[in-house]
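# Structure at a glance
Chain residues, written in single-letter form:
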Amino acid sequence: MVEGKDLSKRVLVVDDAAFMRMMIKDILSKNGFEVVGEAENGAVAVKLYRELNPDIVTMDITMPEMDGIAAVKAIKEIDSRAKVIMCSAMGQQLMVMEAIQAGARDFIVKPFQQERVVQALEKAIAS
Amino acid sequence: MKDPDHLTNLHLDAFQEIGNIGAGNAATALAQMLQCKITMQVPKVELIPLGGLAGAIGQEEELVSCITTLVDGGAPASVLFLLGAQSTYLLTDLLLGRKPGSTTELDNMGQSALLEIGNILTGSFLNALGEATGIMFKPSVPYLAFDMLASVISSALLEGGYYDEQVLVMRTQMIGSEILIQGHFLLIPYSGTLPVILKAIGLNL
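Residue numbers restart at each chain and count upward from 1, following the sequence in its written direction. Labels follow written order: the first chain is A, the first ligand is 1, and so on. The predicted nature of this model means local features are confined to residues of pLDDT at least 70 and side-chain atom pairs, given and counted, to a pLDDT of 80 or more, with totals for whole chains, interfaces and linings taken over all residues. Side-chain numbers here rest on the full set of heavy atoms in the structure, without hydrogens or water.

On to the overall build of chain A. Summing up its helical and strand segments, chain A has 5 helices and 5 strands in all. Reading chain A from its N end, one meets helices and strands in the order β-α-β-α-β-α-β-α-β-α. Computed over C-alpha atoms, the radius of gyration of chain A comes to 13 Å, within 12% of the 14 Å expected from 2.2 N^0.38 for 127 residues, which places it in the range of a compact globule. In terms of principal-axis extent, the alpha carbons of chain A reach across some 35 × 30 × 25 Å. Here, residues are in contact when the closest pair of their heavy atoms is within 4.5 Å. The contacts of chain A with a sequence gap of at least 6 include a subset with a gap of at least 24, amounting to 62%. For accessible areas, the Shrake-Rupley method is used with a probe of radius 1.4 Å. Any residue's cover is judged against the shown protein chains and nothing else. Only carbon and sulfur atoms are counted for the fraction: they give 48% of the accessible area of chain A, which is about 5800 Å². Asp and Glu are treated as the negative residues and Lys and Arg as the positive ones, with His and the ends of the chain left uncounted. By convention, the point assigned to a charge is CZ for Arg, NZ for Lys, CD for Glu and CG for Asp. Side-chain charges in chain A split into 16 positive and 19 negative, and the spacing between the mean points of these groups amounts to 4 Å. Comment: elements are numbered from the N terminus, with helices defined as DSSP H or I runs of at least four residues and strands as E runs of at least two. Throughout, the radius of gyration refers to the C-alpha atoms, and the reference size of a globule is 2.2 Å times the residue count to the power 0.38.

So, on to unusual backbone geometry. All names here are of chain A. Put simply, Lys110 and Pro111 share a cis peptide bond, and its omega is 0°. You can see Pro111 is positioned in the loop between strand E5 (106-109) and helix H5 (114-126). In this structure, Glu65 is a non-glycine residue whose phi angle is positive, near 65°. Here Glu65 shows up in the loop between strand E3 (56-59) and helix H3 (68-78). Classification of residues uses two cut-offs on accessible area relative to the type maximum, computed with a 1.4 Å probe and protein chains only: under 20% is buried, over 50% is exposed, and between them is partly exposed. The class for Glu65 is exposed, based on a relative accessible area of 74%.

Here we come to the pattern of salt bridges. Each reported salt bridge corresponds to a side-chain nitrogen of Lys or Arg within 4 Å of a carboxyl oxygen of Asp or Glu. The tally for this structure, following the rule as stated, stands at 10 salt bridges over all chains. Across the salt bridge formed by A:Lys30 and A:Asp26, the nearest N and O atoms sit 3.2 Å from each other. A residue pair is termed a helical-turn pair when its members lie 3 or 4 positions apart in one helix, as A:Lys30 and A:Asp26 do in helix H1 (residues 18-30) at 4 residues. Taking the relative accessible area as the measure of exposure, A:Lys30 reaches 57% and is therefore exposed. Assessed through its relative accessible area of 37%, A:Asp26 is described here as partly exposed. Put simply, A:Lys110 and B:Glu116 hold a salt bridge, and the shortest N to O gap is 2.8 Å. Placement of A:Lys110 in the loop between E5 and H5 and of B:Glu116 in helix H4 (residues 108-133) is noted, with the two residues assigned to different chains. For the pair formed by A:Lys110 and B:Glu116, the shared burial category is buried. In this structure, a network of salt bridges that share partners links the residues A:Asp15, A:Asp60, A:Lys110 and B:Glu116.

What follows is about the side chain of B:Thr88. Residue and element names in this part refer to chain B. Position of Thr88 relative to the elements: it lies in helix H3 (residues 85-95). Overall, Thr88 belongs to the buried group, its relative accessible area being 0%. Counted as a polar contact is a pair of N or O atoms within 3.5 Å, where, for protein atoms, one must be capable of donating a hydrogen and the other of accepting one, and residues adjacent in sequence contribute only when both atoms are in side chains. Within the local environment of Thr88, its side chain forms a polar contact with the side chain of Ser65, the two groups lying 2.8 Å apart. Among residues more than four places away in sequence, those in contact with Thr88 are Ser65, Leu83, Leu106, Leu114 and Phe146.

With that settled, consider the interface of chain B and chain A. Each partner contributes to the interface: chain B provides 23 residues, whereas chain A provides 24 residues. Note: buried area is the sum, over both parts, of the accessible area (probe 1.4 Å) each one loses when the two are combined. Here chain B and chain A share an interface that buries about 1900 Å² over both sides, 65% of which is from carbon and sulfur atoms. Its largest share of buried area at the contact with chain A, chain B owes to B:Glu116, B:Asn127 and B:Met136, together 28% of the area lost on that side. Scanning the region where chain B abuts chain A turns up 1 salt bridge. At the junction of chain B and chain A, the tally comes to 8 residue pairs in polar contact (both at pLDDT 80 or more). Among the elements of the structure, helix H1 (9-34), H4 and strand E5 (137-139) of chain B are those that each provide at least two residues to the side of chain B that touches chain A. Counting residues per element, the side of chain B that touches chain A draws most heavily on H4(B), which supplies 12 residues. Classification used: nonpolar for Ala, Val, Leu, Ile, Met, Phe, Trp, Tyr, Cys and Pro, charged for Asp, Glu, Lys and Arg, polar for all others including Gly. Looking at side-chain class alone, the side of chain B that touches chain A contains 13 nonpolar, 8 polar and 2 charged residues.

Worth remembering: the numbers are spatial, not functional.
Written out as structure tokens, the structure is:
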């Protein structure tokens, strides 16, 4: 784990399942990240991104109102340097490619290992 | 378009193999989430009259939870993950880190945990199916019902698309080694979907 005190680690967690937000939040807070906001769909995520300007976003794909792919596109329009990591049970190659094309930095397939989540976020923040 | 009555043993074998890959992936996902060994029965692939689906799976009045995902994309279908009441409560305890036996009814966080596990298992199943067939499967946001078996199955079918009178059902049971969790996994293709999947694996109906 990179300790880097200068490294900002403010995270916005986006997932429609409260249970999954709780799990991600738990992993992140144990590993030196600060969860500054939680969103239950893509539309709320875009709104919170504007308000909170987080350093990184974890984004589910299948969500009501606005899905994760549409939300990544909208966030990239607000901030072209936004760092978004997709976090979805849908690991089909076509879906991963669609997310990367939309502007996501990485793709984590659920169920995930704690180390994989931390590693993906550290890497994206450092880049 | 021919109906599923024309399916041969070769077709059923092919579906069984696809089901095997999909369910294997889903069982691995469940084992990873629960940190225990999960065994899986070889999936059964059967043609079942639509009206007799609940009776073919278990007792119609049995209390179950059912997580339904409608799947859009190249091969539309419904995916149902069914758990008996006791398995539902135990799974909720394990997912939320509660002492086994503490859940006796589903609260909001319990429902969310079950929905998410349904989402992950269906996702893992579809990921394998997508790899095997090259078809893109797009799942909807899943929903949870906790009611009698016959009732949850009829509502799930009503939510979905059009089915043939005889539906091809792929189902498997997952059983935890140290804990007793039994679940059924059902893939119910919509009318017209079977030929698409068969064509993708080089067979014709």
